[in-house]
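# Summary of structural features
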Amino acid sequence: PWGPGGPAVNSVTVDGPINPTGSGTTPSRSRLFVCRPSVSYEEDACARGILATTARRAYRRPVDSADIEPLMTFFHRGRREAGTFDGGIQAAIERLLMDPGFLFRIEREPKATAPGAAYRVSDVELASRLSFFLWSSVPDDPLLDLAERGALGAVPALKAQVSRLLADERSRTLIDNFAMQWLGLRQLRMATLDEEILPEYDGSLREAFLRETALFMADQIRQDRPVLELLTATHTFVNERLAKHYGIPGVYGGHFRRVSTGGQRAGLLGHGSVLTTTSYPTRTSPVLRGRWLLENLMGTPPPPPPPTIPPLPGPSVNNRPLSMRQRTERHRANPACAGCHARMDPLGFALENFDAIGRWRTHGEDGAPVDAAGALPDGTTFTGVEGIRQLVAAHPEDFVRTLTGKLMTYALGRALEPSDMPALRGVVREAARSGYRWSALIEGIVTSVPFQMRQAS
């Protein structure tokens, strides 16, 4: 079909396999079948070897006969029912995939640990924490080998593994998952914008938004850049569709490439993904954008709104149209609303030069010229997106602490507690020596007390 951005593909169907001659040879099968029995009486030994190797990876720890024997029972049953060695291995793998040791990350308390006492997790458990943090997956063999030897806990060894895991392509999951969580981009795929008001927005543009942010975050982390460049970097990644949307000339084709931007489009605050996520389906929202800035960049989220909060005033009074700024000012005049909106609204209006899908504009939805100036309750004034960047640059440790807190929450898989705050501040303090580079933040988190220790129940 022909969409707003040109030809588009609705769906793709793949048929096959056609006339298969067997299970074939694939990388996954080669990795699973570490041996092949040559005669029937060797099948048990080969099956034990396959299941021991697989169970060690699946359970993420050394295994013994107590782990293997239940799997062998299912192997024998599957071997009889299917009539083939592969059928027996399949049955055993199905049993393994239902085991709590595979489904859950179980960390066992050392014997004789006093209730409530703090203790360091084992090297094997630390390996799982590290791999799930950076890969969202199980430890690979080199990491597990190191942990089984008890050599992972040493800081130099742990930092070396951080570097190795980050250099691996599997670290893409950190970039994708963490960026989606921190920036709140998961809801972008679920958002439905008004097609009549914003006909340019479609699935292709949405995916281009997400791809741009993922490539940008990957570039920053892989190049080990200072995290403050997330807001100031003078480049991004676009394809032809996105470049036209942003007004960047000379970009052709569907593949993404790095281009210079700077000025209004510098850093994450110029990304369509962020700007669309913080808008309503029909228009921009200074309130949503201001709240997003407070929560994700400045670390000072506003409290929840009171249950009796009045709605935003209508678009006109006595047949006289009101601009969005006038409407929010009337809303903010209510003392019940002023406490939060006095901080949110000015920050949100600084991004009003971007419309609901991230295009640069000089006039708002009401046709009036955009007024991107603002002032905080303490008297600090700023103008436009560059003013927001200057606000953050004036207090860089606040932004770094906020980002590190989000990253530590992701690494631990839980909300931070007051007891975690000294460790968080320590990570930020140490990272300042390197100019707040990504490697310093990640190494600081994995060597911190919250990441390496836990409390007995």
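Predicted model, so just to flag it, every value in this text is computed and none were measured.

## Details of the overall build of the chain
The number of helices and strands found in the chain is 21 helices and ten strands. Dimensions along the principal axes, computed over C-alpha positions, put the chain at roughly 90 × 60 × 45 Å. Counting the 457 residues in the chain, one finds 45% classified as buried. In the chain, of all internal contacts separated by at least 6 residues, the share reaching a separation of at least 24 is 64%. Per element, the accessible surface of the chain, about 22,900 Å² overall, is 55% carbon and sulfur.

## Remarks on the packing of aromatic side chains
Remark: the centre distance and the inter-plane angle together describe each pair of aromatic rings, the angle taken between the planes. By the definition in use, this model includes eight aromatic pairs. When the centroid spacing of 6.5 Å and the interplanar angle of 50° are considered together, the rings of Phe-33 and Phe-85 count as tilted. With a gap of 52 residues between them, Phe-33 in the loop between α1 (27–32) and α2 (43–59) and Phe-85 in helix α4 (residues 85–96) connect regions that are remote in the sequence. Take Phe-33: its relative accessible area is 12%, and that puts it in the buried class. Joined through ring pairs, the aromatic side chains of Phe-133, Phe-178, Trp-182, Tyr-410 and Phe-451 make up one cluster. Between Arg-77 and the ring centre of Phe-74, over which it is positioned, the NZ or CZ distance is 4.9 Å. For Arg-170, the ring lying beneath its charged end belongs to Trp-135, and the centroid distance is 3.9 Å.

## What about the state of the cysteines?
By definition, a disulfide is the covalent link that joins the sulfur atoms of two cysteine residues. Evaluation of the coordinates by the stated rule reveals one disulfide. Each sulfur in the disulfide pair Cys-35 and Cys-46 lies 2.1 Å from the other. Of note, the bridge from Cys-35 to Cys-46 carries an S-S torsion of about 115° and is right-handed in sense. Residue Cys-35 is located in the loop between α1 and α2, and its partner Cys-46 is located in helix α2; the two are separated by eleven residues in the primary sequence. By relative accessible area, Cys-35 is classed as partly exposed at 25%. Take Cys-46: its relative accessible area is 6%, and that puts it in the buried class.

## Describing the side chain of Glu-107
Relative to the assigned elements, Glu-107 resides in the loop between α5 (100–103) and β3 (118–120). Of the residues examined, Glu-107 reaches a relative accessible area of 18% and is grouped as buried. Within the structure, Glu-107 has its side chain in polar contact with the side chain of Arg-129 (distance 2.8 Å). A distance of 3.1 Å separates a polar atom in the side chain of Glu-107 from a polar atom in the side chain of Arg-454. Contact partners of Glu-107, with chain neighbours within four places excluded, come to Val-121, Glu-125, Arg-129 and Arg-454.

## Considerations on the pattern of salt bridges
One pass over the structure, following the stated rule, counts 32 salt bridges. Measuring nitrogen to oxygen at the nearest pair gives 3.1 Å for the salt bridge that ties Glu-295 to Arg-291. Taken as a pair, Glu-295 and Arg-291 lie in helix α14 (residues 286–296) at a separation of four residues, close to a single helical turn. Using a relative accessible area of 26% as the deciding quantity, one classes Glu-295 as partly exposed. The exposure class of Arg-291 is partly exposed, given its relative accessible area of 28%. Here Glu-352 makes a salt bridge to Arg-361, at a shortest N to O gap of 3.2 Å. Judged by relative accessible area, which is 11%, Arg-361 ranks as buried. Each of Arg-56, Arg-57, Asp-141, Asp-145 and Glu-148 takes part in a single network of salt bridges with overlapping partners.

## Points about a nonpolar patch on the surface
A grouping of Val-9, Val-12 and Val-14 is seen on the molecular surface, where their side chains present a nonpolar patch of about 360 Å² in accessible area. Structurally, the position occupied by Val-14 is in the loop between β2 (6–7) and α1. A residue is classified by how much of its surface remains accessible, and Val-14, at 75% relative accessible area, is exposed.

## A closer look at the environment of Ser-65
Of note, Ser-65 is situated in helix α3 (residues 65–82). Distance in space between the C-alpha atoms of Ser-65 and Ser-273 is 51 Å, their sequence separation being 208 residues.

## A look at the packing of helix α6 (residues 123–134) against helix α20 (residues 438–446)
Each pair of packed helices can be described by the angle between their axes along with the distance between the axes. Axis separation between α6 and α20 bottoms out at 11 Å; the angle between their running directions is 150°. On the basis of the axis angle, α6 is roughly antiparallel to α20. Note that α6 runs across α20; the crossing there is right-handed. On the side of α6, the interface is formed by Leu-130, Phe-133 and Leu-134, while α20 contributes Ile-442, Ile-445 and Val-446. A per-class count over the contact of α6 with α20 returns six nonpolar, no polar and no charged.

About the thresholds
- Residue positions are given per chain, counting from 1 as you read along its sequence in written order.
- Under the rules for a predicted model, residues below a pLDDT of 70 receive no local features and side-chain atom pairs below 80 are neither given nor counted, while totals for whole chains, interfaces and linings still include all residues.
- Each side-chain value is worked out from all heavy atoms of the structure, with water and hydrogens disregarded.
- Helix and strand assignments come from DSSP, with helices taken as H or I runs of at least 4 residues and strands as E runs of at least 2, each series counted from the N terminus.
- In this scheme, a residue with accessible area under 20% of its type's maximum is buried, one over 50% is exposed, and one in between is partly exposed, where area comes from a 1.4 Å probe on protein chains only.
- It only takes one pair of heavy atoms within 4.5 Å for two residues to be counted as in contact.
- Each accessible area value is a Shrake-Rupley result obtained with a 1.4 Å probe; residue values ignore everything except the protein chains displayed when judging cover.
- Here the aromatic set is Phe, Tyr and Trp, taking the six-membered ring for Trp, and pairing holds for ring centres within 6.5 Å; pairs whose planes are under 30 degrees apart are stacked, those over 60 apart are edge-to-face, and all others are tilted.
- Whether a charge sits over a ring comes down to the Lys NZ or Arg CZ being within 6 Å of the ring centre and within 35 degrees of the ring normal.
- Pairs of cysteine sulfur atoms within 2.5 Å are identified as disulfides in what follows.
- Under this definition, polar contacts are N or O atom pairs within 3.5 Å; protein pairs additionally need one hydrogen-donor-capable and one acceptor-capable atom, and for neighbouring residues in sequence, both atoms have to be side-chain atoms.
- Salt bridges are defined by distance alone: a side-chain nitrogen of Lys or Arg within 4 Å of a carboxyl oxygen of Asp or Glu.
- Every patch collects residues that have over 30% relative accessible area and no salt bridge, joining them within 9 Å if they carry like charges and within 5 Å if they are nonpolar side chains (Val, Leu, Ile, Met, Phe, Trp, Tyr).
- Every axis corresponds to a line fitted to the C-alpha atoms, with the helix fit spanning only the stretch in contact, and the corresponding angles, defined between N-to-C directions, vary from 0 to 180 degrees.
- Here the angle decides the label: under 35 degrees means roughly parallel, over 145 means roughly antiparallel, 65 to 115 means roughly perpendicular, and every other value means oblique.
- Should the near helix be turned anticlockwise from the far one by less than a right angle, the crossing is left-handed, and should it be turned clockwise, the crossing is right-handed.
- Each residue gets one of three labels, nonpolar for Ala, Val, Leu, Ile, Met, Phe, Trp, Tyr, Cys and Pro, charged for Asp, Glu, Lys and Arg, and polar for the others, Gly among them.

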